[in-house]
Amino acid sequence: MKPVVVVTGMNGQLGWELQQLVGSFPSLDFLFTDRSLLDLSNPASIPDFFKNHKAQYVINCAAYTAVDKAETERELAHTINAKAVGVLAATCKEMNATLIHISTDYVFNGMGADGEGKIPYLPDATIDPVNYYGATKAEGEQLAQANNDKTIIVRTSWVYSAHGNNFVKTMLRLMSSRPELNVVADQQGSPTYAADLASALLQIITKHELGTKQYGIYQYSNEGIITWYDFAVAIRDGAGLACEVLPITTDQYPTPAKRPIFSGMDTKAITDDFGIKPKVWKDSLTNCLRLLV
């Protein structure tokens with residue numbers, strides 16, 4: 001029998017991209033779930049779902065990702081990003097299933113591994129989130145590992161796709177209707193094309209099936225550390241738009257939730273353990289823009 005892979009959050013960017021890859025991984029059986037099937041805002045329902053749907057792997061793409069709203073919708077954000085993850089991990093342990101849980105660069109404080117915003121964070125770097133969303137994701141990581149020793153955490157950052165709402169699609173929409181646009185130029189991180197991340201996750205499962213049984217915390221983003229301003233300029237140029245992009249500071253664009261100033265992550269571990277080499281961010285952006293422009 002083929003290993004069964006249950007994917008939560010099928011309607012999100014990553015869940016959608018995983019669905020596009022099903023045909024490329026015929027050795028796996030997939031069950032994609034949305035909130036109507038598996039509702040992480042109701043953690044008590046999780047064990048009941050898995051009584052009827054056994055799995056060898058669970059990829060948890062579902063999350064509360066509204067960073068600013070999380071500052072006020074704290075109970076819901078905590079339930080989905082932390083409490084439910086703990087229940088999901090414990091349920092996976094009962095099934096002897098591997099949990100692949102998606103986390104975020106926002107678990108870090110934004111000062112970099114050197115404290116000066118110049119050296120990317122290693123997977124074992126101290127987590128110290130600067131907003132409530134990051135705090136819930138950090139707790140989710142801890143609960144996942146505490147409740148199932150067969151857990152793989154994959155932190156990612158600045159996710160975009162041809163599907164769903166994201167920075168790339170927002171920039172294309174605004175740049176098409178405005179002569180100029182202000183974009184923050186003092187926050188650094190790495191974009192991640194969800195299609196690349198989806199492929200990486202299924203490569204991890206394939207390697208596990210072949211005997212590479214590695215667990216723990218990994219980090220995946222496209223290669224290169226840039227600012228949101230750099231990203232916006234590349235989107236404009238790649239789409240052939242004429243909008244002028246103006247750099248501003250974080251102070252000039254206040255948000256309810258504080259953002260990390262530097263959240264670059266070291267991705268070497270996922271390359272060393274699984275042979276997965278992230279693509280350069282500009283190449284992946286080009287691939288996505290082909291679908292959008």
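Up top is the structure.
Because the structure is a prediction, the values reported are computed rather than measured.

Look at helix α5 (residues 167-175) against helix α9 (residues 281-292): their axes get within 11 Å of each other, and the N-to-C directions meet at 55°. With respect to α9, the axis of α5 lies oblique. Seen from above, α5 lies across α9 with right-handed handedness. Of the residues in α9, those touching α5 at V168, K169 and L172 are L285, L289 and L292. A class-by-class count of the residues in the contact of α5 with α9 yields five nonpolar, no polar and one charged.

Under the counting rule described, the total for this entry stands at 10 salt bridges. Measuring nitrogen to oxygen at the nearest pair gives 3.3 Å for the salt bridge that ties D48 to K51. Here the residue D48 and the residue K51 both occupy positions in helix α2 (residues 46-52), the gap between them amounting to three residues, near one helical turn. Across the pair D196 and K279 runs a salt bridge whose closest N-O atoms are separated by 3.7 Å. Of the two residues, D196 is situated in helix α6 (residues 194-209) and K279 in the loop between α8 (268-274) and α9; the sequence distance between them amounts to 83 residues. On the basis of relative accessibility, which here comes to 42%, the residue K279 falls in the partly exposed class.

The next subject is the nonpolar core. Ranked by internal contacts, the top residues of the largest apolar core, which has 29 residues, are L18, I59 and V154. For this core, the secondary structure elements donating two or more residues are β1 (4-8), α1 (13-20), β2 (29-32), β3 (57-60), β4 (98-104), β5 (151-156), α6 and α8. For this core, the element with the most residues is α6, which contributes seven residues. Ranked by size, the runner-up nonpolar core spans 27 residues in total, among them A55, V85, A89 and A144.

About the cut-offs
- Within any chain, residue numbers begin from 1 and follow the written order of that chain's sequence.
- Residue-level local features of this predicted model are given only where pLDDT is at least 70; pairs of side-chain atoms are given and counted only at 80 or more, and the full residue set underlies all totals for whole chains, interfaces and linings.
- Think of the side-chain values as coming from all heavy atoms in the structure, minus any hydrogens and water.
- Note on geometry: axes are lines fitted to C-alpha atoms, helical ones only across the stretch in contact, with angles between N-to-C directions running from 0 to 180 degrees.
- Secondary structure counts use DSSP, requiring at least four H or I residues in a row for a helix and at least two E residues in a row for a strand, with both numbered from the N terminus.
- Roughly parallel refers to an angle under 35 degrees, roughly antiparallel to one over 145, roughly perpendicular to one between 65 and 115, and oblique to any angle outside these ranges.
- In this scheme the handedness of a crossing depends on how the near helix is turned from the far one: anticlockwise by less than a right angle means left-handed, clockwise means right-handed.
- We call two residues in contact whenever any of their non-hydrogen atoms come within 4.5 Å of each other.
- Each residue is assigned to one of three groups, with Ala, Val, Leu, Ile, Met, Phe, Trp, Tyr, Cys and Pro labelled nonpolar, Asp, Glu, Lys and Arg labelled charged, and all others, Gly among them, labelled polar.
- By convention in these notes, a salt bridge is any Lys or Arg side-chain nitrogen within 4 Å of a carboxyl oxygen on Asp or Glu.
- Burial classification: accessible surface area is computed with a 1.4 Å probe over protein chains only, and a residue below 20% of its type maximum counts as buried, one above 50% as exposed, and the rest as partly exposed.
- In these notes, a set of buried Ala, Val, Leu, Ile, Met, Phe, Trp, Tyr and Cys residues joined through side-chain atoms within 4.5 Å is what counts as a nonpolar core.

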